[in-house]
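Architecture at a glance
So the chains spell out like this:
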Amino acid sequence: MITIKSAAQIEKMRAAGALLHQVLEALRQAIQPGITTLELDHMAEKLIRDAGAIPSFKGFEGFPFSICASVDDQVVHGFATKDRLREGQLLSVDCGVILNGWQSDSAFSALVGEGSAEAEKLIRDTEKCFWLGANQARAGNRLGDISHAVQTYAEAQGYGVIRDLCGHGIGEEMHEDPSIPNFGRPGRGVRLQAGMTLAIEPMIARGDWHVYLYDNDWTVATRDGSLCAHYEHTVLVTDGEPEVLSLPGANVKEMAQ
Ligand code: MG
Ligand code: MG
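About the criteria used
- Residues numbered from 1 in each chain as written.
- Chains lettered and ligands numbered in written order.
- Predicted model: local features only at pLDDT ≥ 70, side-chain atom pairs only at ≥ 80, totals over all residues.
- Heavy atoms only, no water.
- Phe/Tyr/Trp six-rings, centres within 6.5 Å; stacked < 30°, edge-to-face > 60°.
- Helix = DSSP H or I, 4+ residues; strand = E, 2+ residues; numbered from the N terminus.
- Buried < 20%, exposed > 50% of the residue type's maximum accessible area, 1.4 Å probe, protein only.
- Lys NZ or Arg CZ within 6 Å of the ring centre and 35° of its normal.
- Polar contact = N/O pair within 3.5 Å; in protein donor to acceptor, adjacent residues only side chain to side chain.
- Contact = heavy atoms within 4.5 Å.
- Donors = N, O, S within 2.8 Å, 3.2 Å for Na, K, Ca; no water.
- Pairing = 2+ DSSP bridges.
- Axes fitted to C-alpha atoms, helices over the stretch in contact; angles between N-to-C directions.
- Expected span 1.5 Å × (residues − 1).
- Arc of directions from axis to C-beta.

Remarks on the packing of aromatic side chains
This structure, assessed with the given rule, holds seven aromatic pairs. On the numbers, 5.0 Å between centres and 75 degrees between planes, the contact of Phe 63 with Trp 218 is edge-to-face. With Phe 63 in the loop between strand S1 (54-55) and strand S2 (67-71) and Trp 218 in the loop between strand S11 (211-213) and strand S12 (220-222), this residue pair connects regions lying 155 residues apart in the sequence. Using a relative accessible area of 18% as the deciding quantity, one classes Trp 218 as buried. Taking the centre distance of 5.4 Å and the plane angle of 80 degrees together, the rings of Phe 130 and Tyr 231 count as edge-to-face. Within this pair, whereas Phe 130 is found in helix H3 (residues 117-134), its partner Tyr 231 is found in the loop between strand S13 (228-230) and strand S14 (233-236), the two being separated by 101 residues in sequence. Over the aromatic face of Phe 108 sits the side chain of Arg 28, whose NZ or CZ is 4.3 Å from the ring centroid. In this arrangement the basic side chain of Arg 163 is found over the ring face of Trp 209, its NZ or CZ atom lying 5.1 Å from the centre.

Section: the side chain of Ser 226
You can see Ser 226 is positioned in the loop between S12 and S13. Looking at Ser 226, its side chain comes within polar contact range of the main-chain nitrogen of Gly 207, at 3.1 Å. Not counting chain neighbours up to four residues away, the residues in contact with Ser 226 comprise Asp 72, Asp 73, Ala 205, Arg 206, Gly 207 and Asp 208.

Quick notes on unusual backbone geometry
The linkage connecting Asp 177 with the following residue, Pro 178, adopts the cis geometry, with an omega of 0 degrees. Mapped onto the elements, Pro 178 comes out in strand S8 (residues 176-180). A positive phi angle, near 50 degrees, is found at Glu 61, a position not held by glycine. Looking at where Glu 61 falls in the secondary structure, it is placed in the loop between S1 and S2. Taking relative accessible area as the criterion, Glu 61 reaches 66% and is therefore assigned exposed.

Let's talk about the coordination of the magnesium ion (ligand 1)
Around the magnesium ion (ligand 1), the protein contributes the donor atoms Asp 94 (OD), Asp 94 (OD), Asp 105 (OD) and Glu 232 (OE), at 2.0 to 2.5 Å from the metal centre. Summarised as a motif, the one-chain spacing of the donors to the magnesium ion (ligand 1) is D-x10-D-x126-E. In this structure, the magnesium ion (ligand 1) lies 3.1 Å from the magnesium ion (ligand 2), and both are coordinated by Asp 105. Placement of the pair is Asp 94 in strand S4 (residues 90-99) and Asp 105 in strand S5 (residues 102-111), with a sequence separation of eleven residues. Each member of the pair, Asp 94 as well as Asp 105, is classed as buried.

Quick word on the coordination of the magnesium ion (ligand 2)
Ideal geometry at a metal centre gives angles of 109.5 degrees when four donors are arranged tetrahedrally and 90 or 180 degrees when six donors are arranged octahedrally. Ligation of the magnesium ion (ligand 2) by protein atoms is provided by Asp 105 (OD), His 168 (NE2), Glu 201 (OE) and Glu 232 (OE), these donors lying 2.1 to 2.2 Å from the ion. All donors of the magnesium ion (ligand 2) belong to a single chain; written as a sequence motif, their spacing is D-x62-H-x32-E-x30-E.

Quick word on the sheet that holds strand S9 (residues 197-200)
The strand order across the open sheet formed by five strands is S8-S7-S9-S14-S15, and the pairing between neighbours is antiparallel. Edge strands, defined here as strands with exactly one partner in the open sheet, are S8 and strand S15 (243-244). Sheet topology places strand S7 (residues 167-169) next to S8; three bridges connect them, and they run antiparallel. Bridging across to S8, Gly 167 finds its partner in Ile 180. Packing of helix H4 (residues 143-156) onto the sheet brings it into contact with S8 and S9, and relative to S8 it is tilted by some 40 degrees.

What about helix H2 (residues 37-50)?
Its 14 residues give H2 an end-to-end C-alpha distance of 20 Å, which sits within 8% of 20 Å, the value for a rise of 1.5 Å per residue. Among the residues of H2, those classed as buried are Thr 37, Leu 38, Leu 40, Asp 41, Ala 44, Glu 45 and Ile 48. Each buried residue of H2 lies within a common arc of 155 degrees when the element is viewed along its axis, so the set occupies one face. Facing away from the buried surface of H2 by more than 90 degrees, the exposed residues are Lys 46 and Asp 50. The elements touched by buried residues of H2 are helix H1 (7-30), S1, S2 and S4.

Focus: the environment of Ala 205
For Ala 205, the position within the fold is in strand S10 (residues 203-205). In this structure Ala 205 comes out as buried when scored by relative accessible area, which is 0%. Counting along the chain gives 196 residues from Ala 205 to Gln 9, while the straight-line C-alpha distance between them is 35 Å. The residues touching Ala 205, leaving out its near neighbours within four places in the chain, are Leu 122, Tyr 159, Gly 160, Ile 162, Thr 222, Ser 226, Leu 227 and Cys 228.

Function cannot be read off these values alone, since they describe shape.
Structure (structure tokens):
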């Protein structure tokens with residue numbers, strides 16, 4: 001069942017989104033050669049708890065950390081470790097918070113120090129996929145319009161669109177209906193309504209889209225070892241412009257140009 005949020009509920013999701021944005025920006029600033037993903041995880045947990053919120057990932061179905069830290073060919077659900085990050089690695093950080101009972105979910109990819117032009121382009125293009133998808137999150141459109149916009153741009157750049165994992169509705173629960181694949185046909189699927197809140201999250205690989213699961217039963221990586229980037233925000237569907245709850249003030253239409 002897809003939940004439609006009231007104005008009061010949306011206000012709470014806005015607050016959760018604003019907090020998550022602050023946390024992720026602090027992590028982004030801290031990423032540099034020599035830091036460990038476990039240090040980033042501890043930093044995230046402290047920032048979230050100090051703000052009176054709960055790190056939603058920690059303990060979710062047994063997941064042991066407050067962030068997912070996925071390096072290079074890891075797509076999502078990477079474990080934080082004591083390994084020092086090295087110059088040129090691609091790190092994807094995914095995080096979620098619960099503030100006053102309401103959730104927000106967001107992720108970004110960044111290079112550790114300086115990286116290759118290809119990795120930089122993959123990160124930029126994955127963000128562009130998100131903006132193109134988010135720009136379709138308008139009342140009256142259909143879910144497939146989001147999926148199709150992501151897929152079309154990614155595949156035009158020669159990338160693989162990860163198919164085993166999807167975006168999702170979000171609200172009081174981290175994962176609500178509907179499931180939002182990053183591939184699909186325009187004009188198909190659920191009709192979008194004002195008050196729906198969607199975590200749109202393209203996961204894009206430089207190579208083929210096939211993935212495998214680590215022995216830890218969580219971490220997903222590309223089967224061909226190709227680099228993968230991830231970008232996610234919690235988006236509110238309105239009768240007008242989509243609102244990115246986890247990136248206050250963002251202009252979706254402009255970003256999608
Ligand atoms: Mg996420
Ligand atoms: Mg998500």
